[in-house]
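Chain by chain, the residues run as shown.
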Amino acid sequence: MSQPRLLLVDDEWNMRNLLRIYFKKEGFEIKEASSGHEALAIIQQHPIDIVILDIMMPGMDGWEACRAIREHTPVPVIMLTARSDTQDKVQGLQIGADDYVTKPFEPDELVARVRALLRRSSLSQSARDEAQMLPFEGLKIDPEAREVYVQGRRVEFTPKEFDLLLLTARHRERAFSREDLVIRLWGYEYSGDSRVVDTHVKNIRVKLHRAGLPYSPLQTVWGVGYKFQAPGAAL
């Protein structure tokens, strides 16, 4: 597993040094910035998984930096500051911070908060990936709406037909056996013939052909089963 990439943003070297020691010990890859402008430059040039951001900094303060970060990326941001007023916390959360920690703080608690945010961020990204539109040449599959479009026109599929098309489209590099598709789509308790997959594939092919799709994305892999193959890769 790769190290989580943490950006520390604080104009005080002593604070950055303290945080660096703790988070390196916890297996984090660290980048540091002493100003909001420097933090933005790092975020634009390097992949960052989470940001710890001080508020009271000269030039671009933490408020402004957080707003600017949100314009570029949904990376989780924890504001770390001596300002403990409730209104300050509310303001930080309203402008896009994901958490707010006041100084003095317990380093172990901060590490725990960072890890919790990373877990939530990972789950959110997975959900976005699952809902992402799959566009191919002449064909679009919308997982969230459970709709399929050919040349811009919607094509009706049964739930199992849609699930089969979506599953194979999401795993275009993989050839699925009939047995694997039955388990994934009908479940282990299904006791019917695995040739039910052939019937669904045939129905999908017919519907896409009638809708005007000039190719068949569900290809037969002899001796194995089926795989999804389209002339244009999903964007």
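Residues numbered from 1 in each chain as written. Predicted model: local features only at pLDDT ≥ 70, side-chain atom pairs only at ≥ 80, totals over all residues. Heavy atoms only, no water.

1. Considerations on the overall build of the chain
Of regular secondary structure, the chain possesses 8 helices and 12 strands. Computed over the C-alpha atoms, the radius of gyration of the chain is 25 Å, more than 25% above the 18 Å expected from 2.2 N^0.38 for a compact globule of 235 residues. Projected onto its principal axes, the C-alpha positions of the chain cover 65 × 35 × 30 Å. With 235 residues in all, the chain has 45% of them scored as buried. (Helix = DSSP H or I, 4+ residues; strand = E, 2+ residues; numbered from the N terminus. Rg over C-alpha atoms; globule rule 2.2 N^0.38 Å. Buried < 20%, exposed > 50% of the residue type's maximum accessible area, 1.4 Å probe, protein only.)

2. What to know about helix 7 (residues 178-186)
Among all positions of helix 7, only Asp180, Leu181, Val182, Leu185 and Trp186 are buried. Where helix 7 is buried, its residues meet helix 6 (159-170), strand 10 (176-177), helix 8 (196-210) and strand 12 (225-228). Downstream of helix 7 by a residue or two, Gly187 has a phi angle that is positive, lying close to 95°. (Contact = heavy atoms within 4.5 Å.)

3. Side note on the sheet that holds strand 8 (residues 147-150)
What holds strands together in a sheet is hydrogen bonding between their backbones, with the strands either parallel or antiparallel. Here we have 4 strands laid out as an open sheet, ordered 6-7-8-9, and antiparallel in their pairing. Here the strands that pair on one side only, and so sit at the sheet edges, are strand 6 (134-136) and strand 9 (153-155). Adjacent strand axes in the sheet meet at a mean angle of 25°, parallel and antiparallel pairs treated alike. Summarising the sheet, strand 6 and strand 7 (residues 139-142) pair through 3 bridges and their orientation is antiparallel. Bridge assignment links Leu134 to a residue of strand 7, and that residue is Ile141. (Pairing = 2+ DSSP bridges. Axes fitted to C-alpha atoms, helices over the stretch in contact; angles between N-to-C directions.)

4. Remarks on the side chain of Asp142
Turning to its location among the elements, Asp142 is positioned in strand 7. Arg170 is the oppositely charged side chain nearest to the buried, salt-bridge-free Asp142, at an N-O distance of 8.3 Å. Dropping the residues within four chain positions of it, Asp142 is found in contact with Met133, Glu147 and Phe162. (Lys, Arg positive; Asp, Glu negative; His and termini not counted. Salt bridge = Lys/Arg side-chain N within 4 Å of Asp/Glu carboxyl O.)

5. A word on unusual backbone geometry
The omega angle of the peptide bond from Lys103 to Pro104 is -5°, so this bond is cis rather than trans. Here Arg146, not a glycine, exhibits a phi torsion of approximately 55°, which is positive. Tracing the backbone through its elements, the reader meets Arg146 in the loop between strand 7 and strand 8. Its relative accessible area of 41% is what places Arg146 among the partly exposed residues. Of note in the backbone geometry, Gln151 takes a positive phi value of approximately 50° without being a glycine. Relative to the elements of secondary structure, Gln151 occurs in the loop between strand 8 and strand 9.

6. Regarding the sheet that holds strand 10
Strand order across the open sheet formed by 3 strands is 10-12-11, with antiparallel pairing between neighbours. This sheet does not close on itself; its edge strands, each paired only once, are strand 10 and strand 11 (218-221). Of the strand pairs in this sheet, strand 10 and strand 12 are connected by 2 bridges, and their pairing is antiparallel. What sits directly across from Ser177, in strand 12, is Gly225. This element, helix 8, spans strand 11 and strand 12 of the sheet and lies at about 140° to strand 11.

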